[in-house]
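Breakdown of the fold
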Amino acid sequence: LAAGARGIAVDPRRSGTARRCDLWLPIRPGTDAALALGMARAIIEEGWYDTDFVEAYTLGFDELRAAVAHCTPAWTEARTGVPASLMLEAARRYALDKPSILDWGVSLEQNPNCLQTVRAVAVLRGLTGNLDIPGGDVFGAELIGAYPVLRQALPSEAQALRLGAERFKLLGGFRAFMPSAHIPTLFGAMRTGQPYPVRALMLFGNNPLATVADSQAVLESLKALELLVVADHFLTPTAALADYVLPAAMWPEMDGVIELPLVAPRAVFAHRKLVQTGQCRQIEAMLDDLAVRLGLPGAGEPLHDIFDARLRPAGASFAELADGGMVMPPPTYRRFAEKGFRTPTRKVELFSKGLARLGYDPLPSYAPPPESPEASPETAREYPLILTTGARRSEYFHSDGRQIAYLRARRPDPLAELGPATAAARGVVDGDWVRVKSPRGEVRMRARVTPDILEGVASLDHGWWFPERGPGNFGELESAANVLTSAGPPYDPAFGSYQLRGLLCEVEKE
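Residues numbered from 1 in each chain as written. Predicted model: local features only at pLDDT ≥ 70, side-chain atom pairs only at ≥ 80, totals over all residues. Heavy atoms only, no water.

Regarding the overall build of the protein chain
Looking only at helices and strands, the protein chain features 19 helices and 16 strands. Rg of the C-alpha trace for the protein chain: 24 Å, near the compact-globule value of 24 Å for 510 residues, within the 12% margin. The C-alpha extent of the protein chain, read off along each of the three principal axes, is 65 × 65 × 50 Å. Excluding contacts between residues fewer than 6 apart, the proportion of contacts in the protein chain whose partners are at least 24 apart in sequence is 69%. Put simply, the protein chain shows about 24,500 Å² of open surface, and 55% of that area lies on carbon and sulfur atoms. For the protein chain, the centre of its 54 positive side-chain charges and the centre of its 60 negative side-chain charges are spaced 1 Å apart. (Helix = DSSP H or I, 4+ residues; strand = E, 2+ residues; numbered from the N terminus. Rg over C-alpha atoms; globule rule 2.2 N^0.38 Å. Contact = heavy atoms within 4.5 Å. Areas by Shrake-Rupley, 256 points an atom, 1.4 Å probe, with all protein chains shown as cover. Lys, Arg positive; Asp, Glu negative; His and termini not counted. Charge placed at Lys NZ, Arg CZ, Asp CG, Glu CD.)

Observations concerning the nonpolar core
Ile43, Leu64, Leu124 and Leu127 are the most contacted members of the largest nonpolar core, which has 43 residues in total. Of all the elements in the fold, those that place two or more residues in this core are strand 2 (23-25), helix 1 (32-45), helix 2 (51-57), helix 3 (61-67), helix 5 (84-96) and helix 6 (114-128). A per-element tally of this core places helix 1 first, with 10 residues. Judged by nonpolar contacts, the second largest core, of 25 residues, contains Phe187, Ala189, Leu225 and Ala487. (Core = buried A, V, L, I, M, F, W, Y, C linked by side-chain atoms within 4.5 Å. Buried < 20%, exposed > 50% of the residue type's maximum accessible area, 1.4 Å probe, protein only.)

So, the sheet that holds strand 14 (residues 441-449)
One closed barrel accounts for six strands, arranged 11-15-12-14-13-16; its pairing is mixed. The sheet shows a mean angle of 45° between the axes of neighbouring strands, taken without regard to direction. In terms of strand pairing, strand 12 (residues 415-418) meets strand 14 through four bridges, oriented parallel. If you follow leucine 418 over to strand 14, its bridge partner there is valine 449. (Pairing = 2+ DSSP bridges. Axes fitted to C-alpha atoms, helices over the stretch in contact; angles between N-to-C directions.)

Some points on the state of the cysteines
Counting across every chain of the model gives zero disulfides. For the unlinked cysteine cysteine 114, the closest cysteine sulfur is that of cysteine 71, found at 19 Å. (Disulfide = S-S within 2.5 Å.)

Quick notes on the packing of aromatic side chains
In the structure shown here, the tally under the stated rule is 14 aromatic pairs. Aromatic side chains phenylalanine 53 and tyrosine 57 sit 5.4 Å apart centroid to centroid with 45° between the ring planes, which places their arrangement in the tilted category. One end of the pair, phenylalanine 53, and the other, tyrosine 57, are both in helix 2, four residues apart, so they sit about a helical turn from each other. The residues phenylalanine 53 and tyrosine 57 share a single accessibility class, namely buried. Judged by centre distance (5.0 Å) and plane angle (80°), the ring pair of tryptophan 465 and phenylalanine 474 falls under edge-to-face. The exposure class of tryptophan 465 is buried, given its relative accessible area of 1%. (Phe/Tyr/Trp six-rings, centres within 6.5 Å; stacked < 30°, edge-to-face > 60°.)

Let's talk about the packing of helix 1 against helix 5
Their axes nearest at 9 Å, the elements helix 1 and helix 5 cross at an angle of 65°. Viewed along their axes, helix 1 and helix 5 form a crossing whose handedness is right-handed. Residue-level contacts link Leu35, Gly38, Met39, Ala42 and Ile43 of helix 1 to Met87, Leu88, Ala90, Ala91, Tyr94 and Ala95 of helix 5. Looking at the contact of helix 1 with helix 5, its residues break down into 10 nonpolar, one polar and no charged. (Left-handed = near helix turned anticlockwise from the far one by under 90°. Nonpolar A, V, L, I, M, F, W, Y, C, P; charged D, E, K, R; others polar.)

Comments concerning the pattern of salt bridges
Counted under the stated rule, the structure contains 34 salt bridges. Here arginine 6 makes a salt bridge to aspartate 97, at a shortest N to O gap of 3.4 Å. Here arginine 6, found in the segment before strand 1 (8-10), pairs with aspartate 97, found in the loop between helix 5 and helix 6; they are 91 residues apart in sequence, far enough to count as distant. Classification of arginine 6 as partly exposed rests on a relative accessible area of 48%. For aspartate 97, a relative accessible area of 33% puts it in the partly exposed group. Put simply, arginine 435 and glutamate 510 hold a salt bridge, and the shortest N to O gap is 3.2 Å. With arginine 435 in strand 13 (residues 433-438) and glutamate 510 in the segment after strand 16 (501-509), the pair connects residues that are 75 residues apart, well separated along the chain. A relative accessible area of 30% places arginine 435 in the partly exposed class. (Salt bridge = Lys/Arg side-chain N within 4 Å of Asp/Glu carboxyl O.)

Re helix 13 (residues 303-311)
An α-helix turns once per 3.6 residues; consequently, residues spaced three or four apart project the same way. Among the residues making up helix 13, those that are buried are Ile306, Phe307, Arg310 and Leu311. Angular distribution of buried residues about the axis of helix 13 spans 130°; they occupy a single face of the element. The secondary structure elements touched by the buried residues of helix 13 are strand 7 (256-260), strand 8 (267-271) and helix 14 (318-321). (Arc of directions from axis to C-beta.)

Digging into the environment of glutamate 55
Locating glutamate 55 in the fold gives a position in helix 2. Relative accessible area serves as the criterion here: at 61%, glutamate 55 is assigned to the exposed category. Each C-alpha atom, one on glutamate 55 and one on leucine 290, is 53 Å from the other, the two residues being 235 residues apart in sequence.

Details of the side chain of histidine 182
Among the secondary structure elements, histidine 182 is positioned in the loop between helix 8 (169-172) and helix 9 (183-192). When its relative accessible area of 2% is taken as the criterion, histidine 182 is described as buried. At a separation of 2.7 Å, a polar atom in the side chain of histidine 182 contacts the side chain of threonine 185. If we skip the residues at most four places from it in the chain, histidine 182 touches Leu163, Gly164, Phe168, Leu171, Tyr491 and Gly496. (Polar contact = N/O pair within 3.5 Å; in protein donor to acceptor, adjacent residues only side chain to side chain.)

Some points on unusual backbone geometry
In the segment running from lysine 98 into proline 99, the intervening peptide bond is cis, with an omega of 0°. The residue proline 99 is located in the loop between helix 5 and helix 6 in this model. Even without glycine at this site, aspartate 214 takes up a positive phi of about 60°. Within the fold, aspartate 214 resides in the loop between helix 10 (208-211) and helix 11 (215-224). With phi around 65°, arginine 346 is a residue other than glycine that occupies positive phi space. Position of arginine 346 relative to the elements: it lies in the loop between helix 15 (336-339) and strand 10 (348-349).

Next up, the structure:
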């Protein structure tokens, strides 16, 4: 941006980045798929797409064109709240002012239409040919091998027990990139014993009591366990409930292999352990010791041997990089012209045959958030504001940092951001303490009245607790935004994600 790039920010909040952008599209939380589909239609119908790239390197253009035909500017504005003129300007600039980069944050994925929302945004790259070109969205270099997750070593009977795998195939099934259990189903099994009892849980650097949806249900789940083990740097609210707390290593106390940037690596270097503090240990070492005691295959392999195996494609070893070396080959572009893309058809699949084979919609689509003015008007009468959570503050990282006095002095209170008209209608002025309520509960926050948020939206800081009060009285449910969120269905059919954005709430002055 400082060098002259023109930014477009899609966000209900005018963040620090958005304030530096040419265009701010204040979108209604949870409607990103509608905006992306409207942009796709505009790019196609206005002829702004890259004709040569689409013809040579994409599959399903005609099917996509038919699927977005109804996503007119008026349709898009009605669902997103973004003025049609702004949407069209953003689409034109992205498509024609090439090269362009399109990036998104986790908010797009925190809804029950996760897969199709991300696909709706991603197809814009394919329509405009902004893939693997200088200044566009590059794929990076295959510098190192993937981390060995050993999923092939898991017995088939154990794989069959992975919660949610059969239903959410891209989360826990055989096509999953890194198979995982479905979190709401996991916590439900802790509470109810269904579909089978979960009696023990190990957490590494994770504070679910403050960071997972439906905090009250999470608390009940953790209390129902027979054994809870937490490895962390500080005594968090979750760690305070644990039977055992293990001291986890921080960055200066561990070895590692780092790829930069993480999404499209262009360089790799070694991070070397510098100090040893007390009994702090690297999490990989804890897991390996446990695997040795359980007699698991592959256990006991030295961590540096794993690093060396991963670094083999880069032609280096951990020891060679540990003294400050870095592998950073010169960039290459348009590799798809020779190799194609990493899909079954070797093309950008606007129409995904792979998803069709798995039983999912092969074309991106929009579905309104299940709890929203559009989908649940009766609930909206009692809770007329749209809730978004997860606002980031530079002082904190998720639930971490509140115990550090210097940072806490800079940002002492949990904030609920409201637009001036929204606050005035409720008799709220900047600095008031307010109660934010949803169908699941209420929390206490300090109001921040700002023009840098879409009217009708309440944006809440997340991850709040009060370490100064001491264990057993951390106030972890007092101002935790996740008291208001839901981990219930409907879930995204492929990934099992649920609604953390675009929910409904009301704000009242204390």
